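# Structural overview for review
Residue strings, one per chain:
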Amino acid sequence: MKLSNSATVLLAAVFLTPAYSAPMAMQSRGSMATSTSHSGDGTFYQPALGACGKKNTSHDLIVAVSHAVFDSYPGANPSNPNKNPICGKKLRATYGTKSVVVTVEDRCVGCATGDLDFTSTGFGKLASLDKGRIHAVRWQWV
Ligand SMILES: *[C@@H]1O[C@H](CO)[C@@H](O)[C@H](O)[C@H]1NC(C)=O
């Protein structure tokens, strides 16, 4: 039930992805995890011990992906998030003309599917921290 809901949300996110990224999404049919372009809001938080079992700090270029993305990643094992193969994967997030490459180390419970929760250092590469939340952050696995 939970997984199929996540899959539905993921599909919806793919459909909602702006038209210019459609060719990329089509090329990657069948390998969703590697090159589909995603989008959502960007926020930042103070990391501690993450879902991947690592202690990170605000200075680290790590990111928390949504619970939907984390839990539906191929090979995800709900009983041990530390062993989720998504841990340690890198993604490039783009906002306007800026981009940053960050490593997945955490799972964001309050995030909608395509949202990313950065550290202040990571968020700061995309926008002023004053903004708090930015919209239409696009990202893909690298
Ligand atoms: C996250 O923290 C671990 C140690 O707990 C460290 O090995 C790793 O390099 C950190 N990740 C990043 C991207 O800085």
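Residues numbered from 1 in each chain as written. Predicted model: local features only at pLDDT ≥ 70, side-chain atom pairs only at ≥ 80, totals over all residues. Heavy atoms only, no water.

- In the annotation of an unreviewed UniProt entry, the chain is listed under the name Plant expansin and assigned to Mycena alexandri.

### Thoughts on the overall build of the chain
- A tally of regular secondary structure across the chain gives five helices and six strands.
- Going residue by residue from the N terminus, the α and β elements of the chain occur as α-α-α-β-β-α-β-β-β-α-β.
- Put simply, the chain has 142 residues, and 40% of those count as buried.
- Once local pairs closer than 6 in sequence are excluded, the contacts in the chain between residues at least 24 apart make up 70%.
- Accessible surface, the chain: about 7,600 Å² in total, of which carbon and sulfur atoms supply 59%. (Helix = DSSP H or I, 4+ residues; strand = E, 2+ residues; numbered from the N terminus. Buried < 20%, exposed > 50% of the residue type's maximum accessible area, 1.4 Å probe, protein only. Contact = heavy atoms within 4.5 Å. Areas by Shrake-Rupley, 256 points an atom, 1.4 Å probe, with all protein chains shown as cover.)

### Some words on the site of the ligand
- Around the ligand, the neighbouring residues are K54, K55, N56, D60, L61 and I62.
- Here an oxygen atom of the ligand and a backbone polar atom of K55 are 2.9 Å apart.
- In this structure, an oxygen atom belonging to the ligand sits 2.4 Å away from a side-chain N or O atom of N56.
- In isolation the ligand offers 360 Å² of accessible surface; the protein chains occlude 53% of this area.
- In terms of residue class, the shell around the ligand is built from two nonpolar, one polar and three charged. (Near = heavy atom within 4 Å. Polar contact = N/O pair within 3.5 Å; in protein donor to acceptor, adjacent residues only side chain to side chain. Nonpolar A, V, L, I, M, F, W, Y, C, P; charged D, E, K, R; others polar.)

### Points about the sheet that holds strand β1 (residues 38-44)
- Taken in spatial order, the six strands line up as β1-β5-β2-β4-β3-β6 and close into a barrel, and their pairing is mixed. For this sheet, the mean inter-axis angle between neighbouring strands, taken without regard to orientation, is 45°.
- Where strand β2 (residues 62-66) meets strand β4 (residues 98-108), five bridges bridge the pair, whose relative direction is parallel. Its bridge partner being in β4, S66 is matched across the sheet by C108. (Pairing = 2+ DSSP bridges. Axes fitted to C-alpha atoms, helices over the stretch in contact; angles between N-to-C directions.)

### What to know about the nonpolar core
- Counting residues in hydrophobic clusters, the biggest one holds 22 residues, and the most contacted among them are V65, L91, A93, L116 and F118.
- Secondary-structure elements contributing two or more residues to this core are β2, α4 (67-72), β3 (90-95), β4, β5 (116-118) and β6 (134-141).
- For this core, the element with the most residues is β6, which contributes four residues.
- In this structure, L91 is in contact with V63, V65, V100, V101, V102, V104, L116, W139, Q140, W141 and V142, ignoring residues within four places of it in sequence.
- Counting residues in hydrophobic clusters, the runner-up holds five residues, among them Y45, I62, A64 and C108. (Core = buried A, V, L, I, M, F, W, Y, C linked by side-chain atoms within 4.5 Å.)

### So, the pairing of β4
- Pairing of β3 with β4 involves six bridges; the strand directions are antiparallel. Bridge pairing links L91 to V102 in β4.
- Where β3 folds back on β4, the antiparallel hairpin that results is connected by two residues, among which G96 adopts a positive phi of roughly 60°.

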